[in-house]
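Reading the structure
Residue strings, one per chain:
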Amino acid sequence: MKISTIPVAFNFIMRARKIYVSPGHAEVLIYDREGSEAFLDYLKNKEVHILESRGESINLFVLIKTIVKHGLRVNLEKYQAEYIKLVSPKIIITFIDNTITFYKLKKYYEEGFFISVQNGSRSTLIWEIFEKEMKDEQLRADAIFCFSSAVGKKYSQYISSKIYPHGSLLNNKYPVDISNKNNNEILYISQYRPPVISNGVPGMPIGNRHINWDDFYSIEPILLSRLSELCELNGYTLSICGNSFNQEQQEEKYYKSFLGNNGWVYKEKTNYSSSYEKLDSPAIIASIDSTLGLEALGRGCKSMTFTGRGKITKTKDGNFGLLSDLPNQGYFWTSEINISEIDRIFYNMISCNDDIWQDFYTDIIPLMMEYDEGNSSLVHLIKKQLSD
């Protein structure tokens, strides 16, 4: 351990909840508590242990064992490796697919089966970090479950692992249900976040940058004002699928500030599953560059995608089909936010029949997002590894 890191390590230990006994054996170890509940439905009646990787707790038994073994060369990676060995699981699984340390642990515990599951869209910054780290050592897993084959191909450039394009773990939990279809509703997927204040400036953190909040959300008034007009002209109702839990009605007030009080419906997010439950009934989904918009596509929902935020953030990350080399404009997507493009996409989609959409669902949408109802491929692999 470098002398300069000792104060950091001391503060880390002092803030953490202390555990004094050795972690017990478990069949499955979930790496990182974040998102761990998403796995529990598939691990019923199994011995499960969660390794908290963000300093929520520190196991002093494991820490002392790590220090005895490695001396001053101890670090978080070696601590976690010793922790895994003591639990001796058959499966180590994480929902935090973008954490580098997870892919460094396989070399310490070859007998375990390491599974990473993608939880969100990945930016260029993440790939740059992976590229930097792989120069120093090989990053490894046994299975990576990702949104699509295009994302899987990208992972394969940096991590040695078998790739399973299966879509989104959370989206796959909810069966497609079109029994309550409302052919007059267009649902916009909100990406509202309250501003983060930095040096007195309200903004949105993007990587290590702080982008002015009004600039970041400058697309929404243009896009939604025009969609509202088009809906009224063509006999549709515009609904907004809330993204926050609308504390003090902040999110609803934001949309009222440019849409007014009438002519649209705000659908509040009441829990983490409520957004998925809203996707199947509308005639058309509209979104900018949200993961939920991609998940709607995976479910087969007719969709309009307006990925214009990249010009504000000065990145191509949000562009539709970036990893698949799709053009910036297509039948149901565009990276240009102006009246003519909004109109083009809108009228394309309200005239799009099921046969046309099925062609897109077969040829293009799998490049963005797969759909595996019930996460059958992951469930099968878990059962196989636990039975071996």
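Residues numbered from 1 in each chain as written. Predicted model: local features only at pLDDT ≥ 70, side-chain atom pairs only at ≥ 80, totals over all residues. Heavy atoms only, no water.

Remarks on the confidence of the model for the chain
Note that predicted coordinates carrying low pLDDT should not be read in detail. Averaged over every residue, the pLDDT of the chain is 92; the share at 70 or more is 97%. In the model, residues 1–5 has pLDDT below 50 throughout and makes five contacts with residues more than four positions away in sequence or in other chains. (pLDDT = per-residue confidence, 0-100. Contact = heavy atoms within 4.5 Å.)

Thoughts on the pairing of strand β6 (residues 113–117)
β6 sits mainly inside the fold: five of its five residues count as buried. Here β6 shows no split at all, with F113, I115 and V117 on one side and F114 and S116 on the other all buried. Where strand β5 (residues 91–94) lies against β6, four bridges are found, and the strand directions are parallel. In the strand pairing of β6, I93 is matched with I115. Note: β6 against strand β7 (residues 139–146), three bridges, orientation parallel. The residue of β7 that forms the bridge with I115 is A143. (Buried < 20%, exposed > 50% of the residue type's maximum accessible area, 1.4 Å probe, protein only. Helix = DSSP H or I, 4+ residues; strand = E, 2+ residues; numbered from the N terminus. Pairing = 2+ DSSP bridges.)

Here's the deal with the side chain of H166
Along the chain, H166 falls in the loop between β8 (159–165) and α7 (169–172). Setting aside anything within four residues of it in sequence, one finds H166 in contact with V117, F145, C146, N172, E370, Y371, D372, N375 and S377.

Some details on helix α3 (residues 60–70)
Among the residues making up α3, those that are buried are L60, V62, L63, T66 and H70. Seen end-on, α3 carries its buried residues on one side only, within an arc spanning 155°. Every exposed residue of α3 that faces more than 90 degrees away from the buried side is listed here: I64 and V68. N-cap assignment for α3: the residue whose side-chain oxygen lies 3.1 Å from the backbone N of F61 is N59. Directly beyond the C-terminal end of α3, a positive phi value near 60° is found at G71. (Arc of directions from axis to C-beta. Polar contact = N/O pair within 3.5 Å; in protein donor to acceptor, adjacent residues only side chain to side chain.)

Concerning the sheet that holds strand β3 (residues 48–51)
The six strands lie next to each other as β3-β2-β5-β6-β7-β8, forming an open sheet whose pairing is parallel. Each edge of the open sheet carries a strand with a single partner, namely β3 and β8. Pairwise comparison of adjacent strand axes, ignoring direction, gives a mean angle of 25° for this sheet. Where strand β2 (residues 28–31) and β5 come together, four bridges link them in parallel fashion. Residue V28 lies in a different strand from β5, and its bridge partner there is I91. Across the sheet, helix α16 (residues 376–387) is in contact with β2, β5, β6, β7 and β8; its angle to β6 comes to roughly 165°. (Axes fitted to C-alpha atoms, helices over the stretch in contact; angles between N-to-C directions.)

Quick look at helix α6 (residues 149–156)
Within the sequence span of α6, burial applies to A150, V151, G152 and Y155. Residues of α6 that are buried in the fold lie against α5 (124–134), β7 and β8.

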